[in-house]
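# Commentary on secondary and tertiary structure
Spelled out, the chains give:
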Amino acid sequence: MNKIICLLVSASLLSSGVVFAQGELDAYRYSQNELNGTARYLGMGGAFGALGGDISSMSSNPAGLGIYRSSEVVTTLSLSSIKAKSDWKGSKADGSKTKFNFDNIAYVGYFPTGNDDGLVGWNVGFSYNRVKNFNRNYRLRGAQNYSLADYAAAKASYVGTDRNGGWFGVKENDMPPFNQINSESVDAYNNLGGVWLPGLAYQSGMIGANTMDANDDMYHSTFAEWDEANQTWYPDSRPDFSALEVSERGAIDQYDFSFATNISNRFFLGATISVTDLNYRMSSEYTEEYYYTDGSTDHLFWDNELKTDGTGYSFNIGTIIRPSDYLRLGVAYNSPVWYKLTDSYFGSAETFNGNFDPAKANGATPSNPNPYTLYRLRTADKWIFSVAGILGKTALISLDYELGNYSFMKLSDQDGYEYADINKDLIKKDFGYAHTVKFGTEIKITPQFAVRAGANWRTSPMKKEFREGAFEVFPAGTVAHYTLDKGTTSYSVGLGYRFTPNFYMDLACVYRQYKEDAYTFSKVVVEDNNGLHTLVDSEAIGLKTNTTQVALTLGYKF
């Protein structure tokens, strides 16, 4: 067996390469938040848009700070168990991770004016909140009809084509010459328009040029066989076994600075300025195995690492109206987060292939002297509409509805020039609105002891055809795998106990299920004189991530 190894550290800062440095799924990944905050907030499903009186409302409807009648400091710790389960046509695999988190610490200051009408008081607040955890491991095991090598060969033959027959990076009538895919030089990778995956595949011996027919400028999988009778390569090279292991880690942390006022105990207004810190780490290992009747085995290995770091800023504004002692209504607007981000890439590939002649590849180690990409991201924004009922001093019930506009996401280069092809042709076509409903209730068993329950339902903003895998997806860099969101459901319960008029403790348990379809690589669809047709197909693999989170909050009022 021949063994060809190739490493690629690549990310282009040139205009021709940036187009594929990021993709729509990267924008979506960093636009998502989770249900997180104090234990009371979690225990009631995050339904505090009209209720207020909890420090976590600073990140949703800051008018909730105006409900406070005292100053307060709180901190929250949590323990999360994350289990990801995949089902690939009956072949099941599990991955798990346990993580201890320091979720928030916050302060609210209350400053009364001494008035009974007009400006009754004002509040200021500062909080740190972890609004997203990326931590999880998942595994996929199974068999499929196409190989990653087929995918790479199709992408090498049709560099830059999109699902509508348009082209990124190269001109439509300018098929990529062999010396671009075949070269190890930095300039060659840049000239590929950022589509580094086929270059790495060629260097590792995974794909080759069609030397059987001098007039054919297509690439092929080196695991395929030449059909002499029909003068063509077999249409696919089906692996007998495929496996993908992915490890994700990192978080989105948010620092909120808030101000709120109380007008006549009937109107509450608030605003928040937020600074966001993002770090994401992903490593993946993909393997294919081919078994032959003579007992021999061929292998394909494809490994990747991605690191994303950056900071952003945003703002929230909101109001709560209290028409009676028993009813509160809330409206809030949460702006997008404007990020400046840096991506770093690392890819490696190995091919153990008896069909491949190593003399046809130069087998060196291409690298880029600038292994990172700087870019900007504008995430989705959302509106929150809320209602809460106060049943004396005994119970309360609250309901929030959030509307997030994910077609509003936008990717730009480091200077702010937008990637028009991604934003207009992909994001706006593939994404729409996410609808989130939050419900929470609290009952005081005694003046000191309270029980709580809540639920949170969120739909996927991905449009139906895209979510169901009807379109080709364009991942970034050399990462071929991806997931498509199918919605999230959370259920929670909680307890609260006030030890003294000043000191209290809250406890919550949240069960969250996130449904996705995972893909090891995308289908490839091209358009020619005969219309649209699929060169390579891919299979959806059911993936469920179940998270059980236990949170403890300690608070002190003064």
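Residues numbered from 1 in each chain as written. Predicted model: local features only at pLDDT ≥ 70, side-chain atom pairs only at ≥ 80, totals over all residues. Heavy atoms only, no water.

## Some points on the overall build of the protein chain
The condition is simple: A run of H or I in DSSP counts as a helix once it spans at least four residues, and a run of E counts as a strand once it spans at least two, with each numbered from the N terminus. Here's how the labels work: a residue is buried when its accessible area is under 20% of the maximum for its type, exposed when over 50%, partly exposed in between, all with a 1.4 Å probe on protein chains only. Should any heavy atoms of two residues lie within 4.5 Å, those residues are counted as being in contact. Shrake-Rupley sampling with a 1.4 Å probe provides the accessible areas, and residues are treated as covered by the protein chains on show and by no other component.
Counting its regular elements, the protein chain contains nine helices and 25 strands. Buried residues in the protein chain amount to 57% of all 558 residues. Taking all contacts inside the protein chain whose residues are at least 6 apart in sequence as the whole, residues at least 24 apart take part in 75%. Total accessible area computed for the protein chain in this model is approximately 22,600 Å², and 55% of it derives from carbon and sulfur atoms.

## So, the side chain of Asn129
Considering the arrangement of structural elements, one finds Asn129 in strand β4 (residues 119-133). For Asn129, a relative accessible area of 5% puts it in the buried group. Not counting residues within four places of it along the chain, the set of residues in contact with Asn129 comprises Gly37, Asp103, Asn104, Ile252, Asp253, Gln254 and Asp256.

## A short note on the pattern of salt bridges
In plain terms, the rule: We define a salt bridge as a contact between a side-chain nitrogen of Lys or Arg and a carboxyl oxygen of Asp or Glu at a distance within 4 Å.
The full count for this structure, using the stated rule, is 20 salt bridges. As a salt-bridge pair, Glu72 and Lys557 come within 2.8 Å of each other at their nearest N and O atoms. In this pair, Glu72 sits in strand β2 (residues 72-88) while Lys557 sits in strand β25 (residues 541-557), placing the two residues 485 residues apart along the sequence. A residue is classified by how much of its surface remains accessible, and Glu72, at 2% relative accessible area, is buried. Three or more residues are tied together by salt bridges with common partners; here these are Arg40, Glu442, Arg452 and Asp506.

## Remarks on a positive patch on the surface
The test is simple: Patch definition: residues above 30% relative accessible area lacking any salt bridge, with like charges linked at up to 9 Å and the nonpolar side chains Val, Leu, Ile, Met, Phe, Trp and Tyr linked at up to 5 Å. In this tally, Asp and Glu contribute negative charge and Lys and Arg positive charge; neither His nor the terminal groups of the chain are included. Positions of charges follow a simple convention, taking NZ of Lys, CZ of Arg, CG of Asp or CD of Glu.
A surface patch of like charges, here positive, comprises Lys83, Lys85, Lys92, Lys515 and Lys544. Within the fold, Lys544 resides in strand β25. Judged by relative accessible area, Lys544 falls into the partly exposed class, the value being 41%.

## Remarks on the confidence of the model for the protein chain
Formally: Scored between 0 and 100, pLDDT is the confidence that the predictor attaches to each residue.
The pLDDT averaged across the protein chain works out to 84; a share of 82% of its residues lies at or above 70. For residues 1-20, every residue scores under 50 in pLDDT, and the model assigns this stretch 90 contacts once sequence neighbours within four places are set aside. Note that pLDDT drops below 50 for residues 164-193; the model gives that stretch 76 contacts with residues more than four away or on any other chain.

## Regarding the nonpolar core
Where we set the bar: The definition of a nonpolar core used throughout is a set of buried Ala, Val, Leu, Ile, Met, Phe, Trp, Tyr and Cys residues joined through side-chain atoms within 4.5 Å.
In this structure, Tyr30, Leu148, Met206, Trp302 and Phe431 are the most contacted members of the largest nonpolar core, which totals 73 residues. For this core, the element with the highest residue contribution is helix α4 (residues 148-157), accounting for seven residues. Setting aside residues no more than four positions away along its own chain, Phe431 makes contact with Glu24, Leu25, Tyr28, Tyr406, Ser407, Met409, Pro461, Met462, Lys463 and Phe466. Counting residues in hydrophobic clusters, the runner-up holds 14 residues, among them Ala39, Tyr41, Leu396 and Ala508.

## Concerning the pairing of strand β12 (residues 297-324)
What counts is decided by this rule: For two strands to count as paired, DSSP must find a minimum of two bridges between them.
Bridging between strand β11 (residues 267-291) and β12 involves 25 bridges; their strand directions are antiparallel. Within β12, the residue paired with Asn279 across the bridge is Asp309. Counting the residues between successive antiparallel strands, the hairpin from β11 to β12 contains five residues, one of them, Gly295, with a positive phi of roughly 90°. Of the pairings in the sheet, the one linking β12 to strand β13 (residues 327-334) comprises seven bridges and is antiparallel in character. Counted as the bridge partner of Ile317 is Tyr333 from β13. Between the end of β12 and the start of β13, which pair antiparallel, lie two residues.

## Regarding the layout of surface pockets
Filter applied, for reference: Using a grid of 1 Å spacing that covers the protein atoms alone, one calls a set of points a cavity when a 1.4 Å probe fits there but cannot get out, and a pocket when the set is open and has protein on both sides within 12 Å along at least five of seven lines; lining residues are those with an atom within 4 Å of a point. Grid points are joined across faces, edges and corners, and a volume is the space filled by probe spheres set on the points. We call Asp, Glu, Lys and Arg charged. Ala, Val, Leu, Ile, Met, Phe, Trp, Tyr, Cys and Pro are nonpolar, and the rest, Gly among them, are polar.
The computed volume of the largest pocket comes to approximately 1,100 Å³. Together, 40 residues line the largest pocket, and Arg40, Gly53, Leu396, Glu442 and Lys444 are the ones closest to its centre. Elements with a contribution of two residues or more to the lining of the largest pocket: β2, β17 (395-405), β19 (433-444), β20 (449-458), β21 (482-498), β22 (503-519) and β25. Considering only residue class, the lining of the largest pocket consists of 16 nonpolar, ten polar and 14 charged.

## Observations concerning the packing of aromatic side chains
Using the following cut-off: To pair, rings of Phe, Tyr and Trp, with the six-membered ring standing in for Trp, must have centres within 6.5 Å; the planes then decide the type, stacked if under 30 degrees apart, edge-to-face if over 60, and tilted in the middle.
If you walk through the whole model with that rule in mind, you get 25 aromatic pairs. Look at Tyr30 and Phe134: their rings are 6.3 Å apart centre to centre, the planes differ by 90°, and that puts the pair in the edge-to-face class. Highlighted residues: Tyr30 in the loop between α2 (24-29) and α3 (39-43) and Phe134 in the loop between β4 and β5 (136-142), separated in sequence by 104 residues. In this structure, Tyr30 and Phe134 share a single accessibility class: buried. Members of the aromatic cluster, connected to one another through ring pairs, are Tyr313, Phe315, Tyr333, Trp338, Trp383 and Phe385.

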